[in-house]
Every structure is written in C-alpha cells, then in structure tokens.
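# Topology and contacts: notes
Spelled out, the chains give:
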Amino acid sequence: MFAKKTFPGGSHPPTNKRRTQASMIQDMPLPQRVVIPLHQHTGAPAQPIVAVGDEVKAGQKIGEAQGYVSVPVHASISGKVTAIEPHLHPLGGQLPAVIIEGDGRDTWLEQPGEARQTSQSDSKAMVEAIREAGIVGLGGAAFPTHVKLSPPEGKSIDTFILNGAECEPYLTADHRLMVENTEEIVAGAKIILNILNCHRGIIGIEANKPDALAAMRERTRQEKELEVVALQVKYPQGAEKQLIWAITKREVPSGGLPMDIGCVVQNVGTAKAIFDAVVSGKPLVERVVSVTGPIVKEPKNLRVRIGTLFEELIQQTAGTVENPGKLIMGGPMMGLAQVSSQVPVIKGTSGVLLIPTDQAVIPEPQTCISCARCVDTCPMKLVPTELGKLVQHSLFKEAEKLGVLDCMECGTCSYICPSKINLVHLFKFAKAKILSEKRKK
Ligand code: SF4
Ligand code: SF4
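Below is a short write-up of the structure.

## Here we look at the overall build of the protein chain
Within the protein chain, the regular secondary structure consists of 14 helices and 17 strands. Relative to the globule expectation of 22 Å for 441 residues, the C-alpha radius of gyration of the protein chain, 21 Å, shows essentially globular dimensions. In terms of overall dimensions, the protein chain has C-alpha extents of about 60 × 50 × 50 Å along its principal axes. Expressed as a percentage of the 441 residues in the protein chain, the buried residues total 49%.

Rendered as structure tokens:
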C-alpha cells in the first residue's frame, strides 16, 4: 500500500466520474467553422495579425501576444477568415474573436512531427517554443506557461509537481490523457525539469484513478528524477497550494507564488502540450474535453479543436434526455455557468457539463446557524462565516484584512453550508470590488 497524501480541510462531493472514466478519448470530427477568441489566457489579449478574407492553415498564428504575460493564438483548422468581431465568450460577455470557415482539407502550416524540433539542451529556446506555441495552463486557469517556467533571478526551483489530481467532479479528461498519452506526458515532464534545472519531479494523482497511477508508475520506473504519488480523493486536491502542501508540506505565503517556496506546478495536459510544442513543433490548437452530466445520452472525452462551439460537442454525445437546466464550462464546483451553447471551446475548457433542471435550482439561503462547517473545511484556513457577514454589509476593507483575497473560489464553503448561503459568490464579488479599487488607485 502507498500512503495517500492530502491537505487540511476540503470536502467530499460525489465524484460522478464513472460515466466517462473508462471512455477512450475520441477525435471530434473537424468542425466546419471555428470561433477563436483572442483572449483565452490570463494577461493581455492577443492582437489579430490576419484580415478578413485571408486563407489560413491549421497551426498558423492568427493573433500575436501583447506583452510578457500573454500568448499568441493559432488557427485550429484550415480555411478562410470570414470575420474578426466580438462573439459570445465562455468567460462572459462578447469578446473579439477570429472566425474561420473551414475548407475541409485540414491543411497544416507544418505537419506536426515533421516540423522543426527544439534543442532540449537549450532552455531559452524551449521556453520560447512554448510561448510561441501559445501554451497556457490547461487545468483551467490558463496562465501563460512560459512565465511559470521562467523563475526570476535568485529563485531556484527544487521541486516540480505534475498535477494529475483532477479533483473536480465529473471531469475525466486528464485521467484519460494519463492512461492514453503516458509517454508524451512523461516526456513533457522531463522537458520541464530540464528547463527549470530541477532534479525532483513528483506526479500527484488522486487514488480514484488506479489505471492512471499504474500507467505512470510503470512508465517512470527507470526515471530517477520522477516519482508518482497517490493523493487522497478530496476536493480541492488539485488546487495548486493544496497540492504543494500535500506533497511537500510547504505553504505558499499569502499573496505569494509557488516559486517563492521552490515549487512549480503544471497540469498533465500542459505537459503533453509542451511535448507537442518542443518535440513536434505543434502549437496548442486542440485539447481534450469531458462532455458529460446526468442527462447526457452518451457522455464522452473528446479531442476537440479550439474554437468549436459547445453546441457541436453536445451533438457528438447524442444530446440530452431532457432540456438542461444548466450548462457549465468546467466542473460543478469551480465551473462557469453559460448563457448559451453557442460559445467556443477555449484553451481552458476542461469540461462541458449539462445539469438537469431539478439540480440547477438555486436554493433560498437561510440564516447562518454558526455551525462552523465552512471554517472547518476551508482549505485556505479562512473564516468564511465572518467574511460572508462583512461582505453582506459592504465592509470590504475589513474583509480584505480577514484574508478574502486569499480565497481561491473553490466553492467548498458554499457546498458544505447547511443554510445554503452562497458564500463563494459573495467572495468573488468582494474580490472584484477590492481589486478594482486597487487598480483605480
Ligand atoms: S471558496 Fe474561498 S472561503 Fe470558501 S472554502 Fe474555498 S477558499 Fe475558503
Ligand atoms: S457553514 Fe453556513 S451556517 Fe455554518 S457557519 Fe458557515 S455560513 Fe454559517
């Protein structure tokens, strides 16, 4: 038996992964049209470098990064640019996007695998290849990967953690990737170790994925710098700070970063994308998405071109047995509710979740009964009950003093609250308010 590592606090929502955990990844048919937002990552949006009427090939850069914390975007199919205009975005509102009508030929700028390879002894060249390929964290946060792989002078990294926890209920895209693309993920992890000049890599996988644990252990048996550890099944085990604590017992300081304590964390999907970029010269133009939920007829893990509309993914699963009450990008805990299925898959889309009407009803919040369950379960050791009261009274400065900015919006407190108080909603609001005040100053 291997000891299972974990962190203090957290909760145990039903994992609901059975429907897709054994479903092999299927390639989604080529979409006829894609909508590629220029803003798919944390940081400045990309600027278009194509014009309406241009012919483009798959893998061709169509948007240039603006600044250091930004990445380019690429065409995911070959065809003609028919519009550059605002379009419904899964993060909310309408944002500029490049719309491409496909020619059905799937002609690539450079065939993946035949394209130039990047020297794996040149860290700078590898980081540049990763940036040029438009790679961001594929666990959902979509933070530019080249930034995380470039610790500033004076900060050395002694531990790299590969995140295979996938603790969000329903989602199984990372699970299947670890089983089916083990080789590429491990090769990507070795590239990351090389870039960071780090000699300790730990692959953390929740214990409810025994086949992924076995595949990764088998593949890393001869790898002296890589170790696989089983993690307890607990939410939010895959959150960066909780994963670091579970594995190293180090705590990221308030307002700090993992690299402040010698750690870098990357998701398994990101490691695969890094392999594709460095070894095959392939930019990030597709990803695996779990399309699932209790009412989905044939839930699947689909490999999807970026820019494909959710509506088409849902059609691939034969639709739903009843009209959905809620459509979510991501999982039920941290995912984002969507107003329409006409939104495109972006780099951070890990799942498309369809919830029946009876589960989508938001219960009427009751008075706090001071049970302290939210306090016991908050993985950031915050006091959600007190924070909630402060925000309800618009006492934002006091909420900031009590650490609301450290809230990672995991939703554990809201999930556990017997009075059904939507605490996380209050904290998101407070954080936005405080940060906007700070920006004004
Ligand atoms: S949403 Fe914030 S306050 Fe609530 S449990 Fe998560 S980190 Fe704690
Ligand atoms: S869990 Fe809900 S009812 Fe209990 S103390 Fe926290 S806010 Fe109050």
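There is more to say, and it comes next.
## Notes on helix α4 (residues 182-196)
Its 15 residues give α4 an end-to-end C-alpha distance of 21 Å, which sits within 8% of 21 Å, the value for a rise of 1.5 Å per residue. Regarding α4, the residues found buried are Thr-182, Ile-185, Val-186, Gly-188, Ala-189, Ile-191, Ile-192, Leu-193, Ile-195 and Leu-196. Remark: Asn-197 follows α4 within two positions and exhibits a positive phi of approximately 50°.

## Notes on the packing of helix α1 (residues 123-132) against α4
As a packed pair, α1 and α4 sit with axes 9 Å apart at the nearest point and diverge in direction by 125°. In terms of orientation, α1 and α4 fall into the oblique class. Both α1 and α4 take part in a crossing whose hand is left-handed. Between α1 and α4, the contacting residues are Ser-123, Met-126 and Val-127 on the first element and Ile-191, Asn-194 and Ile-195 on the second. For the contact of α1 with α4, the residue count by class is four nonpolar, two polar and no charged.

## Considering the sheet that holds strand β6 (residues 73-74)
Strand order in the open sheet formed by three strands is β3-β5-β6, and the pairing between neighbours is antiparallel. Two strands in the sheet have a free side with no partner beyond their single neighbour: β3 (47-48) and β6. With two bridges joining them, strand β5 (residues 61-64) and β6 adopt antiparallel strand pairing. Within the sheet, the bridge partner assigned to Gly-63 lies in β6 and is Val-73.

## Quick look at the site of ligand 2
Around ligand 2 there are 15 residues in total, and Cys-368, Cys-371, Cys-374, Thr-385 and Cys-417 lie nearest to it. At the level of secondary structure, the elements contributing two or more residues to the shell around ligand 2 comprise α10 (373-377) and α11 (384-392). The dominant element in the shell around ligand 2, judged by the number of residues it contributes, is α11, at three residues. Of the residues assigned to the shell around ligand 2, the class counts are 10 nonpolar, four polar and one charged.

## With respect to the nonpolar core
Counting residues in each nonpolar core, the largest one holds 102 residues, and the members touching the most others are Ile-192 and Ile-274. In contact with Ile-192, other than residues within four places in its own chain, are Leu-149, Phe-160, Gln-266, Ala-271 and Ile-274. In this structure, Leu-382, Cys-407, Leu-423 and Ala-430 belong to the second largest nonpolar core, which totals 18 residues.

## Brief notes about unusual backbone geometry
At the junction of Tyr-235 and Pro-236, the peptide bond is cis and its omega measures out at -5° in the coordinates. With respect to the helices, strands and loops of the structure, Pro-236 is situated in the loop between β11 (226-231) and α6 (240-248). For Asp-106, which is not glycine, the phi dihedral falls at a positive 50°. Checked against the element boundaries, Asp-106 lands in the loop between β8 (94-102) and α1.

## Quick word on the sheet that holds strand β2 (residues 33-37)
A sheet is described by the order of its strands in space; here four strands give the open sequence β2-β8-β7-β4, paired in antiparallel fashion. Since the sheet does not close on itself, it has two edges, and those belong to β2 and β4 (55-56), each with one partner. Of the strand pairs in this sheet, β4 and strand β7 (residues 79-88) are connected by two bridges, and their pairing is antiparallel. Bridging from a neighbouring strand, Glu-55 pairs with Lys-80 of β7.

## A few points about the pairing of strand β9 (residues 159-164)
The buried count for β9 comes to six of six residues, which makes it a mostly enclosed element. Residues Thr-159, Ile-161 and Asn-163 of β9 are buried on one face, and the alternating residues Phe-160, Leu-162 and Gly-164, pointing to the opposite face, are buried as well. Relative to strand β12 (residues 263-267), β9 runs parallel, the two sharing five bridges. The partner of Thr-159 across the bridge, within β12, is Cys-263. Bridge analysis of β9 against strand β10 (residues 201-206) gives five bridges, and the strand direction is parallel.

## Some points on the site of ligand 1
Of all residues adjacent to ligand 1, which total 15 residues, the nearest are Cys-378, Cys-407, Cys-410, Thr-412 and Cys-413. Counting only elements with at least two residues in the shell around ligand 1, the list comes to α13 (412-416) and α14 (423-440). With three residues, the top contributor of residues to the shell around ligand 1 is α14. Across the shell around ligand 1, the residue classes break down as 12 nonpolar, two polar and one charged.

## Some points on the pairing of strand β17 (residues 351-355)
Among the five residues in β17, four count as buried, and that is most of the element. When strand β13 (residues 286-292) meets β17, the two strands line up parallel, connected through three bridges. Counterpart to Ser-290 in the pairing with β17 is Gly-351.

Thresholds applied
- Residues numbered from 1 in each chain as written.
- Chains lettered and ligands numbered in written order.
- Predicted model: local features only at pLDDT ≥ 70, side-chain atom pairs only at ≥ 80, totals over all residues.
- Helix = DSSP H or I, 4+ residues; strand = E, 2+ residues; numbered from the N terminus.
- Rg over C-alpha atoms; globule rule 2.2 N^0.38 Å.
- Buried ≥ 20, exposed ≤ 12 C-beta atoms within 10 Å, placed from the backbone.
- Expected span 1.5 Å × (residues − 1).
- Axes fitted to C-alpha atoms, helices over the stretch in contact; angles between N-to-C directions.
- Parallel < 35°, antiparallel > 145°, perpendicular 65-115°, else oblique.
- Left-handed = near helix turned anticlockwise from the far one by under 90°.
- Contact = placed C-beta atoms within 7 Å.
- Nonpolar A, V, L, I, M, F, W, Y, C, P; charged D, E, K, R; others polar.
- Pairing = 2+ DSSP bridges.
- Near = placed C-beta within 6 Å.
- Core = buried A, V, L, I, M, F, W, Y, C linked by C-beta atoms within 7 Å.

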